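Close look at the chain arrangement
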Amino acid sequence: MARRVVVALLAPVAWTPPGIDPTRWRTALAEDVVDLLATLNEVETAVAVTAGDRWLADAVVWPDMAVHEVAAPTVNAVFAALAAADGGERTGYDQAAVVAADAPDVPGLTLGKLLRPLTSRPVAVAPVEGSGPGLLGVAARLPVPEWLPPVDLDTAVPADVRAGAPHPGDVAVTAGWRRLRGPADLGTLDSAFEGWEATRALLSGQAG
């Protein structure tokens, strides 16, 4: 069985709801995504942060969850960190997915679907639902194909990733999900949907 890892990229968030402290908002989002990762089956989980954001990882990770420090909060930097260990040798991971940390209510099934195409495709992407460009996440076999372009989760669309592939079919497009990047996204949250407890508490004013 392939050894797989899902990594939450704890990058800075672009938007905070009015009246909420940006640091508490970012922490709540990260906590909910990390809690969701901890429930996934048949994959290992981790977070990635820059050295300056190590405090955030320390605040939200579960025991024994790996923390990868990267030079920049980018998908490609995370893949590079995963694909190389001390001495430049490959790690034991065969497949990896990097997901945004501002999707606190993303279903585990959606993340599972991001990895599934890697049995036959080298790369898979999950788009962001709603208005505007962006990706929820990117998955790839390791080592990552040399043709994979720099991927910005905030601005890229599936066509950008496919543009570098030898064949468009080398990049699978899987189910998308919303990210909380503005008031319109916030309005789509479903209070009846399980999860996103830290974000829910902060929005309701119940967080301590």
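Report follows, based on the coordinates. Quantities reported herein were computed from a predicted structural model and do not represent experimental measurements. Here the residue numbers are simple positions, counted from 1 along each chain's written sequence. This being a predicted model, a pLDDT of at least 70 is required before a residue's local features are given, and a value of 80 or more before pairs of side-chain atoms are given or counted; all residues contribute to the totals for chains, interfaces and linings. Excluded from the side-chain calculation are hydrogens and water; included are all heavy atoms of the structure.

Another aspect to go through is the packing of aromatic side chains. Two rings from Phe, Tyr or Trp (for Trp, the six-membered ring) form a pair when their centres sit within 6.5 Å of each other. Planes less than 30 degrees apart are called stacked, planes more than 60 degrees apart edge-to-face, and all others tilted. Scanning the entire structure with this criterion turns up two aromatic pairs. Here W15 and W25 contribute two aromatic rings whose centre-to-centre distance is 6.3 Å and whose plane-to-plane angle is 85 degrees, an arrangement assigned as edge-to-face. Pair noted here: W15 is in the loop between strand 1 (4–9) and helix 1 (22–37) and W25 is in helix 1, with a separation of ten residues, a long-range link. The pair formed by W15 and W25 is uniform in burial state, with each residue classed as buried. Arranged with centres 5.9 Å apart and planes meeting at 35 degrees, the rings of W177 and F193 form a pair that is tilted. With W177 in the loop between strand 7 (171–173) and helix 6 (183–186) and F193 in the loop between helix 6 and helix 7 (197–204), this residue pair connects regions lying 16 residues apart in the sequence. Since its relative accessible area comes to 30%, F193 is described here as partly exposed. When the ring centre of Y93 is taken as origin, the NZ or CZ atom of R3, which lies over that ring, is 4.3 Å away. For the purposes of this entry, the term helix denotes a DSSP run of H or I that reaches at least four residues, the term strand denotes a run of E that reaches at least two, and both are numbered from the N terminus. Any residue under 20% of the maximum accessible area for its type is buried, any over 50% is exposed, and the rest in between are partly exposed; the area is computed with a 1.4 Å probe on protein chains only. A ring is considered to have a charge above it if a Lys NZ or an Arg CZ atom is located within 6 Å of its centre and within 35 degrees of its normal.

Turning to the pairing of strand 1, a few remarks are in order. Counting buried positions over the six residues of strand 1 gives six, a clear majority of the element. Residues R4, V6 and A8 line one face of strand 1 and the alternating positions V5, V7 and L9 line the opposite face, and both faces are buried. Whether two strands pair comes down to DSSP finding at least two bridges between them. Pairing geometry for strand 1 and strand 2 (residues 44–49), over five bridges, is parallel. Bridging from a neighbouring strand, V6 pairs with T45 of strand 2. For the handedness criterion, the β-α-β arrangement of strand 1, helix 1 and strand 2 is classed as right-handed. Orient the strands so they point away from the viewer; a crossover is then right-handed if the path from the first strand over the helix to the second runs clockwise.

Attention now goes to helix 3 (residues 75–83). Regarding helix 3, the residues found buried are V75, A77, V78, F79, L82 and A83. In this analysis, two residues are considered to be in contact whenever any of their non-hydrogen atoms come within 4.5 Å of each other. Tucked inside the fold, the buried residues of helix 3 contact strand 1, strand 2, strand 3 (66–69), strand 4 (95–100) and strand 6 (135–141).

Tracing the backbone shows Q95 in strand 4. A relative accessible area of 9% means that Q95 is categorised as buried. In this view, Q95 contacts A2, R3, R4, V5, L115, L118, T119, A140, R141 and L142; residues no more than four positions away in its chain are not counted.

Here the focus is the side chain of T199. By the element assignment, T199 lies in helix 7. Among the residues examined, T199 registers a relative accessible area of 0% and is labelled buried. Setting aside chain neighbours within four positions, we find T199 in contact with W25, A28, L29, D32, P104 and L180.

Our focus in this paragraph is the sheet that holds strand 5 (residues 123–127). Read across the open sheet, the seven strands follow the order 3-2-1-4-6-5-7; overall the sheet is mixed. Here the strands that pair on one side only, and so sit at the sheet edges, are strand 3 and strand 7. For this sheet, the mean angle separating the axes of adjacent strands, direction not counted, is 20 degrees. As judged from the three bridges shared by strand 5 and strand 7, these two strands associate in the parallel manner. Only C-alpha atoms enter the line fits that serve as axes; for helices the fit covers just the stretch in contact. Angles between N-to-C directions range over 0 to 180 degrees.

Keep in mind these values describe shape, not function.
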